[in-house]
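Chain residues, written in single-letter form:
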Amino acid sequence: MHEWSLAEAIISAVFSIAEKENLREVKEVHLRLGELQQIEVDILKFALLEMKTGKLSNAKFIIRTVRAKFKCRACNHAWTFREMRIPGDIRESIHFIPEVAHAYIKCPECGSPDFDVIHGRGLWITSVKGVK
Amino acid sequence: MYDPRISIIEKRLKKIGKVIAISSGKGGVGKSLFASVLALALTKKGFRTGLFDIDFTSPTTHVVLGAANLSPRESKGLIPPKIHGLKYMSLVFYIGNRAIPLRGADLSNVLVETLATTLWGNLDFLVIDMPPGMSDLLLDVIKYVSKTQFLIVTTPSKMAFETVRRLLNLLRDLRVPILGVIENMKMDDSNYIEREVKSLGEKFLGEIHFDSGLEKALGDIKSLLKTSFMNEIEESILAKNPEITS
Ligand SMILES: Nc1ncnc2c1ncn2[C@@H]1O[C@H](COP(=O)(O)OP(=O)(O)OP(=O)(O)O)[C@@H](O)[C@H]1O
Ligand SMILES: [Mg+2]
Ligand SMILES: [Zn+2]
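Residues numbered from 1 in each chain as written. Chains lettered and ligands numbered in written order. Predicted model: local features only at pLDDT ≥ 70, side-chain atom pairs only at ≥ 80, totals over all residues. Heavy atoms only, no water.

**So, the site of ligand 1**
Residues and elements named next belong to chain B.
Part 1 of the argument: Around ligand 1, a shell composed of 17 residues is seen, among which Lys31, Ser32, Leu33, Asn184 and Asp211 lie nearest.
Part 2 of the argument: Coverage of ligand 1 by the protein amounts to 78% of the 630 Å² it exposes when considered alone.
Part 3 of the argument: The cavity where ligand 1 resides is the largest pocket.
Part 4 of the argument: Counting residues per element, the ones that place at least two in the shell around ligand 1 are helix H2 (31–44), strand S9 (178–186) and helix H9 (214–217).
Part 5 of the argument: Counting residues per element, the shell around ligand 1 draws most heavily on H2, which supplies three residues.
Part 6 of the argument: For the shell around ligand 1, the class distribution of residues is seven nonpolar, six polar and four charged. (Near = heavy atom within 4 Å. Areas by Shrake-Rupley, 256 points an atom, 1.4 Å probe, with all protein chains shown as cover. 1 Å grid on protein atoms, 1.4 Å probe; cavity = no way out; pocket = protein on both sides within 12 Å on 5 of 7 lines; lining within 4 Å. Sits in = over half its atoms within 2 Å of the grid points. Helix = DSSP H or I, 4+ residues; strand = E, 2+ residues; numbered from the N terminus. Nonpolar A, V, L, I, M, F, W, Y, C, P; charged D, E, K, R; others polar.)

The following block contains the structure:
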(Lines give C-alpha, C1' and ligand atoms only; values in the text may rest on other atoms or scores of the structure.)
(Ligands and ions follow the chains in the order given, each with its own letter.)
Protein backbone atom coordinates (compact mmCIF):
# COMPACT_ATOMS: atom_id res chain seq x y z
CA MET A 1 0.00 0.00 0.00
CA HIS A 2 1.24 3.38 -1.02
CA GLU A 3 -0.51 4.86 2.03
CA TRP A 4 1.97 3.08 4.29
CA SER A 5 5.06 4.46 2.62
CA LEU A 6 3.57 7.96 2.72
CA ALA A 7 2.60 7.52 6.38
CA GLU A 8 6.17 6.54 7.13
CA ALA A 9 7.34 9.71 5.36
CA ILE A 10 4.91 11.83 7.40
CA ILE A 11 6.05 10.34 10.71
CA SER A 12 9.70 10.86 9.86
CA ALA A 13 9.03 14.44 8.70
CA VAL A 14 7.05 15.28 11.86
CA PHE A 15 9.91 13.98 13.99
CA SER A 16 12.37 16.27 12.25
CA ILE A 17 9.99 19.25 12.44
CA ALA A 18 9.50 18.60 16.18
CA GLU A 19 13.24 18.41 16.57
CA LYS A 20 13.76 21.70 14.75
CA GLU A 21 11.06 23.49 16.74
CA ASN A 22 12.18 22.00 20.06
CA LEU A 23 8.84 20.33 20.75
CA ARG A 24 8.77 17.97 23.70
CA GLU A 25 5.50 16.48 22.61
CA VAL A 26 3.51 16.70 19.40
CA LYS A 27 -0.23 17.27 19.89
CA GLU A 28 -1.59 17.91 16.41
CA VAL A 29 -0.41 17.31 12.87
CA HIS A 30 -2.37 18.99 10.11
CA LEU A 31 -2.22 17.36 6.71
CA ARG A 32 -3.49 18.41 3.34
CA LEU A 33 -4.28 15.61 0.92
CA GLY A 34 -4.58 16.29 -2.77
CA GLU A 35 -7.43 14.41 -4.36
CA LEU A 36 -5.38 13.49 -7.43
CA GLN A 37 -3.27 11.02 -5.46
CA GLN A 38 -6.46 9.27 -4.29
CA ILE A 39 -5.10 8.33 -0.91
CA GLU A 40 -7.42 6.18 1.19
CA VAL A 41 -7.82 8.38 4.24
CA ASP A 42 -8.80 5.48 6.52
CA ILE A 43 -5.73 3.46 5.59
CA LEU A 44 -3.48 6.49 5.93
CA LYS A 45 -4.94 7.26 9.38
CA PHE A 46 -4.60 3.66 10.46
CA ALA A 47 -0.98 3.56 9.28
CA LEU A 48 -0.19 6.82 11.09
CA LEU A 49 -1.70 5.51 14.33
CA GLU A 50 0.25 2.27 14.01
CA MET A 51 3.54 4.02 13.40
CA LYS A 52 3.47 6.94 15.83
CA THR A 53 5.86 6.52 18.73
CA GLY A 54 7.88 8.57 21.22
CA LYS A 55 6.96 12.23 21.28
CA LEU A 56 4.28 11.55 18.66
CA SER A 57 2.45 8.95 20.77
CA ASN A 58 -0.40 11.30 21.67
CA ALA A 59 -0.52 13.19 18.37
CA LYS A 60 -3.80 13.66 16.53
CA PHE A 61 -3.73 13.74 12.75
CA ILE A 62 -6.14 16.17 11.18
CA ILE A 63 -6.56 15.53 7.48
CA ARG A 64 -8.15 17.87 4.98
CA THR A 65 -8.73 16.78 1.42
CA VAL A 66 -8.33 19.27 -1.43
CA ARG A 67 -10.06 18.78 -4.76
CA ALA A 68 -7.78 18.33 -7.72
CA LYS A 69 -8.14 21.06 -10.28
CA PHE A 70 -6.48 21.38 -13.67
CA LYS A 71 -5.90 24.38 -15.91
CA CYS A 72 -5.08 24.18 -19.59
CA ARG A 73 -1.99 26.10 -20.68
CA ALA A 74 -3.28 26.32 -24.24
CA CYS A 75 -6.84 27.64 -23.76
CA ASN A 76 -7.02 28.46 -20.01
CA HIS A 77 -9.96 26.17 -19.45
CA ALA A 78 -10.14 24.91 -15.86
CA TRP A 79 -11.69 21.61 -14.79
CA THR A 80 -11.70 19.12 -11.95
CA PHE A 81 -10.45 15.56 -11.58
CA ARG A 82 -13.84 14.63 -10.19
CA GLU A 83 -15.70 15.43 -13.39
CA MET A 84 -13.50 13.11 -15.47
CA ARG A 85 -14.32 9.50 -16.15
CA ILE A 86 -11.07 7.55 -15.75
CA PRO A 87 -10.74 3.75 -15.74
CA GLY A 88 -9.53 2.00 -12.60
CA ASP A 89 -6.11 0.87 -13.80
CA ILE A 90 -5.23 4.39 -14.89
CA ARG A 91 -6.47 5.78 -11.58
CA GLU A 92 -4.15 3.36 -9.88
CA SER A 93 -1.14 4.53 -11.88
CA ILE A 94 -2.04 8.14 -11.02
CA HIS A 95 -2.31 7.09 -7.37
CA PHE A 96 1.29 5.89 -7.40
CA ILE A 97 2.71 8.84 -9.33
CA PRO A 98 0.24 11.71 -9.79
CA GLU A 99 2.23 13.22 -12.71
CA VAL A 100 1.27 10.14 -14.70
CA ALA A 101 -2.00 12.07 -15.18
CA HIS A 102 -0.12 13.93 -17.92
CA ALA A 103 0.00 10.71 -19.96
CA TYR A 104 -3.75 10.10 -19.77
CA ILE A 105 -5.62 13.36 -19.23
CA LYS A 106 -6.23 16.01 -21.89
CA CYS A 107 -8.03 19.35 -21.74
CA PRO A 108 -11.73 18.54 -22.21
CA GLU A 109 -12.13 21.82 -24.09
CA CYS A 110 -9.27 21.86 -26.63
CA GLY A 111 -7.61 18.44 -26.27
CA SER A 112 -4.20 19.78 -25.25
CA PRO A 113 -2.09 17.62 -22.91
CA ASP A 114 -0.33 20.78 -21.70
CA PHE A 115 -2.08 21.53 -18.41
CA ASP A 116 -1.11 22.34 -14.85
CA VAL A 117 -2.41 20.71 -11.72
CA ILE A 118 -3.25 23.98 -9.98
CA HIS A 119 -4.17 22.31 -6.73
CA GLY A 120 -4.85 18.97 -5.15
CA ARG A 121 -1.81 17.04 -6.35
CA GLY A 122 -0.47 15.24 -3.30
CA LEU A 123 0.40 15.34 0.32
CA TRP A 124 1.54 18.26 2.51
CA ILE A 125 2.11 18.82 6.19
CA THR A 126 0.54 22.22 6.82
CA SER A 127 1.35 22.53 10.52
CA VAL A 128 2.66 20.70 13.55
CA LYS A 129 1.49 21.78 17.01
CA GLY A 130 2.87 20.68 20.34
CA VAL A 131 4.40 21.69 23.65
CA LYS A 132 7.93 22.95 24.11
CA MET B 1 4.01 23.79 4.46
CA TYR B 2 6.32 20.85 4.41
CA ASP B 3 6.71 18.09 1.84
CA PRO B 4 6.88 14.90 3.93
CA ARG B 5 8.37 12.84 1.11
CA ILE B 6 11.75 14.57 1.33
CA SER B 7 12.50 13.33 4.84
CA ILE B 8 12.15 9.65 3.97
CA ILE B 9 14.42 9.60 0.89
CA GLU B 10 17.63 9.13 2.86
CA LYS B 11 16.18 6.16 4.69
CA ARG B 12 15.03 4.59 1.41
CA LEU B 13 18.57 4.77 0.03
CA LYS B 14 20.38 3.86 3.23
CA LYS B 15 21.07 0.25 2.36
CA ILE B 16 22.56 1.09 -1.04
CA GLY B 17 26.34 0.97 -1.23
CA LYS B 18 27.13 3.10 -4.26
CA VAL B 19 24.93 5.21 -6.50
CA ILE B 20 26.33 5.80 -9.98
CA ALA B 21 24.56 8.29 -12.24
CA ILE B 22 25.23 7.90 -15.96
CA SER B 23 25.14 11.38 -17.40
CA SER B 24 26.21 13.52 -20.34
CA GLY B 25 25.72 17.03 -21.59
CA LYS B 26 24.64 15.54 -24.90
CA GLY B 27 21.78 13.31 -26.00
CA GLY B 28 22.23 10.09 -27.92
CA VAL B 29 25.75 9.30 -26.75
CA GLY B 30 24.83 5.90 -25.28
CA LYS B 31 23.93 6.70 -21.67
CA SER B 32 20.92 4.40 -21.50
CA LEU B 33 22.69 1.55 -23.22
CA PHE B 34 25.73 1.97 -21.02
CA ALA B 35 23.66 2.26 -17.84
CA SER B 36 21.68 -0.90 -18.67
CA VAL B 37 24.66 -3.01 -19.71
CA LEU B 38 26.78 -1.74 -16.80
CA ALA B 39 23.97 -2.78 -14.44
CA LEU B 40 23.91 -6.22 -16.07
CA ALA B 41 27.69 -6.51 -15.86
CA LEU B 42 27.64 -5.64 -12.15
CA THR B 43 24.84 -8.17 -11.57
CA LYS B 44 26.84 -10.79 -13.44
CA LYS B 45 29.82 -10.11 -11.17
CA GLY B 46 27.59 -11.01 -8.24
CA PHE B 47 26.81 -7.50 -7.00
CA ARG B 48 23.26 -6.75 -5.87
CA THR B 49 22.35 -4.10 -8.40
CA GLY B 50 19.47 -1.79 -9.21
CA LEU B 51 18.78 0.22 -12.36
CA PHE B 52 16.63 3.34 -12.12
CA ASP B 53 15.58 5.01 -15.38
CA ILE B 54 14.91 8.65 -14.57
CA ASP B 55 14.63 9.84 -18.14
CA PHE B 56 10.95 10.11 -17.25
CA THR B 57 9.66 11.63 -20.48
CA SER B 58 11.73 9.38 -22.76
CA PRO B 59 12.54 6.16 -20.94
CA THR B 60 14.42 3.60 -23.06
CA THR B 61 16.24 1.18 -20.77
CA HIS B 62 13.26 -1.20 -20.90
CA VAL B 63 13.98 -1.60 -24.62
CA VAL B 64 17.53 -2.66 -23.87
CA LEU B 65 16.42 -5.09 -21.17
CA GLY B 66 13.22 -6.28 -22.84
CA ALA B 67 11.42 -5.33 -19.66
CA ALA B 68 8.32 -3.37 -20.66
CA ASN B 69 5.80 -5.88 -19.33
CA LEU B 70 7.02 -6.04 -15.77
CA SER B 71 5.53 -4.09 -12.92
CA PRO B 72 6.43 -3.26 -9.34
CA ARG B 73 4.77 -5.07 -6.48
CA GLU B 74 3.25 -3.00 -3.70
CA SER B 75 3.88 -3.78 -0.11
CA LYS B 76 4.08 -0.64 2.02
CA GLY B 77 5.88 0.90 -0.93
CA LEU B 78 6.88 -0.09 -4.46
CA ILE B 79 9.10 -3.13 -4.80
CA PRO B 80 10.99 -3.02 -8.12
CA PRO B 81 10.64 -6.12 -10.29
CA LYS B 82 13.74 -8.16 -11.02
CA ILE B 83 15.03 -9.02 -14.46
CA HIS B 84 17.99 -11.40 -14.66
CA GLY B 85 18.64 -10.65 -10.99
CA LEU B 86 18.67 -6.90 -11.60
CA LYS B 87 16.16 -4.72 -9.70
CA TYR B 88 14.60 -2.37 -12.18
CA MET B 89 12.43 0.73 -11.94
CA SER B 90 11.05 2.90 -14.74
CA LEU B 91 8.06 5.15 -15.32
CA VAL B 92 7.29 2.97 -18.31
CA PHE B 93 5.49 0.60 -15.92
CA TYR B 94 2.85 3.29 -15.45
CA ILE B 95 2.64 4.95 -18.86
CA GLY B 96 3.31 2.17 -21.38
CA ASN B 97 4.04 3.77 -24.73
CA ARG B 98 2.06 6.96 -24.13
CA ALA B 99 3.65 10.40 -24.36
CA ILE B 100 4.09 12.10 -21.01
CA PRO B 101 4.79 15.81 -21.44
CA LEU B 102 6.22 17.05 -18.14
CA ARG B 103 7.47 20.47 -17.13
CA GLY B 104 10.43 20.93 -14.80
CA ALA B 105 8.44 21.01 -11.56
CA ASP B 106 6.54 17.87 -12.59
CA LEU B 107 9.82 16.08 -13.29
CA SER B 108 11.06 16.98 -9.82
CA ASN B 109 7.83 15.66 -8.36
CA VAL B 110 8.15 12.33 -10.16
CA LEU B 111 11.70 11.95 -8.88
CA VAL B 112 10.80 12.80 -5.29
CA GLU B 113 7.74 10.55 -5.37
CA THR B 114 9.63 7.55 -6.75
CA LEU B 115 12.60 8.08 -4.41
CA ALA B 116 10.23 8.25 -1.45
CA THR B 117 8.18 5.19 -2.30
CA THR B 118 10.53 2.74 -4.07
CA LEU B 119 11.87 0.08 -1.70
CA TRP B 120 15.24 -0.87 -3.20
CA GLY B 121 16.33 -2.77 -0.11
CA ASN B 122 19.94 -3.92 0.11
CA LEU B 123 21.98 -3.07 -2.95
CA ASP B 124 25.68 -2.85 -3.68
CA PHE B 125 25.02 -0.57 -6.65
CA LEU B 126 22.22 1.60 -7.91
CA VAL B 127 22.81 2.73 -11.49
CA ILE B 128 20.79 5.76 -12.56
CA ASP B 129 20.11 6.44 -16.23
CA MET B 130 19.92 10.24 -16.51
CA PRO B 131 18.21 12.33 -19.18
CA PRO B 132 20.65 14.37 -21.30
CA GLY B 133 21.78 17.80 -20.25
CA MET B 134 21.69 19.95 -17.17
CA SER B 135 18.11 20.41 -16.16
CA ASP B 136 15.96 19.91 -13.08
CA LEU B 137 16.62 16.20 -12.77
CA LEU B 138 20.39 16.56 -12.68
CA LEU B 139 20.14 19.19 -9.96
CA ASP B 140 17.55 17.15 -8.07
CA VAL B 141 19.63 13.97 -8.12
CA ILE B 142 22.50 15.99 -6.68
CA LYS B 143 20.18 17.53 -4.10
CA TYR B 144 18.28 14.45 -2.94
CA VAL B 145 20.68 11.57 -3.59
CA SER B 146 23.72 12.95 -1.86
CA LYS B 147 25.88 9.86 -2.30
CA THR B 148 25.67 9.91 -6.09
CA GLN B 149 28.88 9.61 -8.08
CA PHE B 150 28.80 10.70 -11.70
CA LEU B 151 30.05 8.70 -14.62
CA ILE B 152 30.05 10.77 -17.78
CA VAL B 153 29.56 9.42 -21.30
CA THR B 154 30.74 11.18 -24.43
CA THR B 155 31.28 10.22 -28.06
CA PRO B 156 34.54 11.02 -29.88
CA SER B 157 32.92 14.16 -31.30
CA LYS B 158 34.13 17.63 -30.37
CA MET B 159 30.48 18.63 -30.23
CA ALA B 160 29.68 16.02 -27.61
CA PHE B 161 32.73 16.93 -25.59
CA GLU B 162 31.85 20.62 -25.70
CA THR B 163 28.73 19.80 -23.65
CA VAL B 164 30.57 17.34 -21.43
CA ARG B 165 33.14 19.99 -20.52
CA ARG B 166 30.32 22.24 -19.30
CA LEU B 167 28.80 19.39 -17.32
CA LEU B 168 32.14 18.60 -15.71
CA ASN B 169 32.56 22.25 -14.78
CA LEU B 170 29.12 22.29 -13.19
CA LEU B 171 29.72 19.09 -11.23
CA ARG B 172 33.03 20.43 -10.00
CA ASP B 173 31.43 23.71 -8.92
CA LEU B 174 28.84 21.70 -7.01
CA ARG B 175 31.61 19.52 -5.50
CA VAL B 176 29.96 16.36 -6.71
CA PRO B 177 32.11 13.21 -7.01
CA ILE B 178 33.04 12.40 -10.61
CA LEU B 179 34.17 8.85 -11.37
CA GLY B 180 35.41 9.81 -14.80
CA VAL B 181 34.58 9.93 -18.50
CA ILE B 182 33.88 7.12 -20.97
CA GLU B 183 34.34 7.56 -24.69
CA ASN B 184 31.63 5.60 -26.48
CA MET B 185 31.11 4.71 -30.16
CA LYS B 186 34.78 4.96 -30.87
CA MET B 187 35.57 4.37 -34.56
CA ASP B 188 39.18 5.44 -35.02
CA ASP B 189 42.27 5.86 -32.87
CA SER B 190 42.05 9.58 -32.13
CA ASN B 191 43.07 10.45 -28.59
CA TYR B 192 41.34 13.84 -28.56
CA ILE B 193 38.87 12.93 -25.78
CA GLU B 194 41.46 11.28 -23.59
CA ARG B 195 43.74 14.31 -23.83
CA GLU B 196 40.92 16.77 -23.10
CA VAL B 197 39.64 14.78 -20.12
CA LYS B 198 43.12 14.53 -18.64
CA SER B 199 43.84 18.21 -19.21
CA LEU B 200 40.76 18.99 -17.11
CA GLY B 201 42.23 16.86 -14.35
CA GLU B 202 39.52 14.20 -14.60
CA LYS B 203 39.89 10.48 -15.07
CA PHE B 204 39.60 8.96 -18.55
CA LEU B 205 37.98 5.61 -17.80
CA GLY B 206 38.41 4.10 -21.25
CA GLU B 207 36.72 3.64 -24.58
CA ILE B 208 33.98 1.47 -26.03
CA HIS B 209 33.95 0.89 -29.76
CA PHE B 210 31.00 1.17 -32.08
CA ASP B 211 29.38 -2.27 -32.05
CA SER B 212 27.46 -3.05 -35.22
CA GLY B 213 25.96 -6.19 -33.67
CA LEU B 214 24.32 -4.31 -30.85
CA GLU B 215 20.99 -3.38 -32.39
CA LYS B 216 20.09 -7.03 -32.96
CA ALA B 217 20.79 -7.87 -29.33
CA LEU B 218 18.53 -5.17 -27.84
CA GLY B 219 15.71 -6.60 -25.77
CA ASP B 220 17.38 -9.94 -25.22
CA ILE B 221 19.67 -10.05 -22.22
CA LYS B 222 21.34 -13.34 -23.17
CA SER B 223 22.42 -11.88 -26.51
CA LEU B 224 23.44 -8.59 -24.90
CA LEU B 225 25.79 -10.41 -22.57
CA LYS B 226 27.62 -11.74 -25.64
CA THR B 227 28.09 -8.39 -27.40
CA SER B 228 31.44 -6.69 -27.69
CA PHE B 229 29.82 -3.71 -25.94
CA MET B 230 29.36 -5.89 -22.85
CA ASN B 231 32.82 -7.34 -23.23
CA GLU B 232 34.39 -3.89 -23.39
CA ILE B 233 32.51 -2.75 -20.29
CA GLU B 234 33.89 -5.75 -18.43
CA GLU B 235 37.41 -5.79 -19.84
CA SER B 236 38.22 -2.18 -20.70
CA ILE B 237 36.17 -0.32 -18.09
CA LEU B 238 35.51 -2.39 -14.95
CA ALA B 239 38.73 -4.43 -15.02
CA LYS B 240 40.93 -1.39 -15.62
CA ASN B 241 39.19 0.86 -13.09
CA PRO B 242 38.82 -1.24 -9.96
CA GLU B 243 37.82 1.84 -7.94
CA ILE B 244 34.40 1.71 -9.62
CA THR B 245 33.55 -1.59 -7.97
CA SER B 246 35.57 -1.31 -4.79
N1 LIG C 1 28.99 1.48 -28.76
C2 LIG C 1 27.88 1.47 -29.49
N3 LIG C 1 27.81 0.76 -30.64
C4 LIG C 1 26.70 0.75 -31.39
N5 LIG C 1 25.58 1.43 -31.09
C6 LIG C 1 25.57 2.16 -29.96
C7 LIG C 1 26.71 2.21 -29.11
N8 LIG C 1 26.40 3.01 -28.06
C9 LIG C 1 25.13 3.41 -28.25
N10 LIG C 1 24.62 2.91 -29.39
C11 LIG C 1 23.30 3.16 -29.96
O12 LIG C 1 23.13 4.56 -30.06
C13 LIG C 1 21.79 4.94 -29.81
C14 LIG C 1 21.75 5.95 -28.67
O15 LIG C 1 22.09 5.28 -27.47
P16 LIG C 1 21.32 5.61 -26.12
O17 LIG C 1 19.86 5.70 -26.34
O18 LIG C 1 21.83 4.68 -25.08
O19 LIG C 1 21.88 7.09 -25.87
P20 LIG C 1 21.44 8.13 -24.73
O21 LIG C 1 22.64 8.93 -24.45
O22 LIG C 1 20.80 7.42 -23.61
O23 LIG C 1 20.35 8.99 -25.49
P24 LIG C 1 19.35 10.07 -24.81
O25 LIG C 1 20.19 11.27 -24.55
O26 LIG C 1 18.33 10.31 -25.85
O27 LIG C 1 18.82 9.45 -23.57
C28 LIG C 1 21.04 3.66 -29.50
O29 LIG C 1 20.41 3.22 -30.65
C30 LIG C 1 22.14 2.70 -29.06
O31 LIG C 1 21.80 1.36 -29.30
MG1 LIG D 1 18.89 7.70 -22.71
ZN1 LIG E 1 -7.47 23.60 -23.44
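Having seen the model, we can carry on.
**A closer look at the pattern of salt bridges**
Part 1 of the argument: If you walk through the whole model with that rule in mind, you get 19 salt bridges over all chains.
Part 2 of the argument: Of the charged contacts, one joins Arg5(B) and Asp3(B) as a salt bridge, the two residues approaching to 2.7 Å between their closest N and O atoms. Comparing Arg5(B) with Asp3(B), the two get one shared label, buried.
Part 3 of the argument: Across the pair Lys203(B) and Glu243(B) runs a salt bridge whose closest N-O atoms are separated by 2.9 Å. Pair noted here: Lys203(B) is in the loop between helix H8 (192–199) and strand S10 (204–209) and Glu243(B) is in the segment after helix H11 (228–238), with a separation of 40 residues, a long-range link.
Part 4 of the argument: Because the salt bridges share partners, they merge into one network encompassing Glu99(A), Arg121(A), Asp3(B), Arg5(B) and Glu113(B). (Salt bridge = Lys/Arg side-chain N within 4 Å of Asp/Glu carboxyl O. Buried < 20%, exposed > 50% of the residue type's maximum accessible area, 1.4 Å probe, protein only.)

**Some points on the coordination of the zinc ion (ligand 3)**
Residue and element names in this part refer to chain A.
Part 1 of the argument: For the zinc ion (ligand 3), every protein donor is listed as Cys72 (SG), Cys75 (SG), Cys107 (SG) and Cys110 (SG), and the spread of their distances is 2.3 Å.
Part 2 of the argument: Considering all four donor atoms around the zinc ion (ligand 3), the spread of angles at the metal, 106 to 114 degrees, places the coordination shape in the tetrahedral class.
Part 3 of the argument: Read in sequence order, the donor residues coordinating the zinc ion (ligand 3) give the pattern C-x2-C-x31-C-x2-C.
Part 4 of the argument: The partly exposed category is assigned to Cys75, whose relative accessible area is 33%. (Donors = N, O, S within 2.8 Å, 3.2 Å for Na, K, Ca; no water. Tetrahedral: all angles 85-135°; square planar, octahedral: opposite > 155°, others 65-115°.)

**Some points on the side chain of Ser90(B)**
Residue and element names in this part refer to chain B.
Part 1 of the argument: For Ser90, the location among the structural elements is in strand S6 (residues 86–90).
Part 2 of the argument: Here Ser90 falls in the buried class, since its relative accessible area comes to 2%.
Part 3 of the argument: A polar atom in the side chain of Ser90 sits 3.0 Å from the backbone nitrogen of Val92.
Part 4 of the argument: When neighbours within four sequence positions are excluded, Ser90 is seen to be in contact with Asp53 and Pro59. (Polar contact = N/O pair within 3.5 Å; in protein donor to acceptor, adjacent residues only side chain to side chain. Contact = heavy atoms within 4.5 Å.)

**Regarding the interface of chain A and chain B**
Part 1 of the argument: Listed by partner, the interface residues are 34 residues for chain A and 29 residues for chain B.
Part 2 of the argument: Of the roughly 2,900 Å² buried where chain A meets chain B, counting both sides, 60% is carbon and sulfur surface.
Part 3 of the argument: For the chain A face of the interface with chain B, the top three residues by lost area are Phe96(A), Ile97(A) and Glu99(A), together amounting to 19%.
Part 4 of the argument: In this assembly, chain A and chain B are joined by four salt bridges.
Part 5 of the argument: Among the salt bridges present, the one from Glu113(B) reaches Arg121(A), with a minimum N-O distance of 3.0 Å.
Part 6 of the argument: Counting the contacts that link chain A with chain B gives 13 residue pairs in polar contact (both at pLDDT 80 or more).
Part 7 of the argument: Those elements that provide at least two residues to the side of chain A that touches chain B are helix H1 (2–20), helix H3 (88–96), helix H4 (101–104) and strand S6 (123–131) of chain A.
Part 8 of the argument: Looking at which element gives the most residues to the side of chain A that touches chain B, the answer is H1(A), with twelve residues.
Part 9 of the argument: For the side of chain A that touches chain B, the class distribution of residues is 17 nonpolar, eight polar and nine charged. (Buried area = accessible area lost by both parts, 1.4 Å probe.)

**Regarding the nonpolar core**
Part 1 of the argument: Of all hydrophobic cores here, the largest spans 107 residues; its most connected members are Ile105(A), Phe34(B), Phe52(B) and Phe56(B).
Part 2 of the argument: Residues within four places of Phe34(B) in sequence aside, it is in contact with Ile22(B), Leu151(B), Val153(B), Ile182(B), Ile208(B), Phe229(B) and Ile233(B).
Part 3 of the argument: By size, the runner-up hydrophobic cluster in this structure holds 25 residues, among which are Leu6(A), Ala7(A), Ala13(A) and Val29(A). (Core = buried A, V, L, I, M, F, W, Y, C linked by side-chain atoms within 4.5 Å.)

**Some details on the packing of aromatic side chains**
Part 1 of the argument: Applying the stated criterion across every chain yields a total of eleven aromatic pairs over all chains.
Part 2 of the argument: Aromatic pair Phe70(A) and Trp79(A): ring centres 5.3 Å apart, planes at 45 degrees, arrangement tilted. Here the two residues Phe70(A) and Trp79(A) agree in accessibility, since each one is buried.
Part 3 of the argument: Through pairs of rings, three or more aromatic residues link up here, namely Phe70(A), Trp79(A), Phe81(A) and Phe115(A).
Part 4 of the argument: The side chain of Lys76(B) reaches across the aromatic face of Trp4(A), ending 3.9 Å from its centre.
Part 5 of the argument: Across the ring face of Tyr192(B), the terminal group of Lys158(B) is positioned such that the distance to the ring centre comes to 5.6 Å. (Phe/Tyr/Trp six-rings, centres within 6.5 Å; stacked < 30°, edge-to-face > 60°. Lys NZ or Arg CZ within 6 Å of the ring centre and 35° of its normal.)

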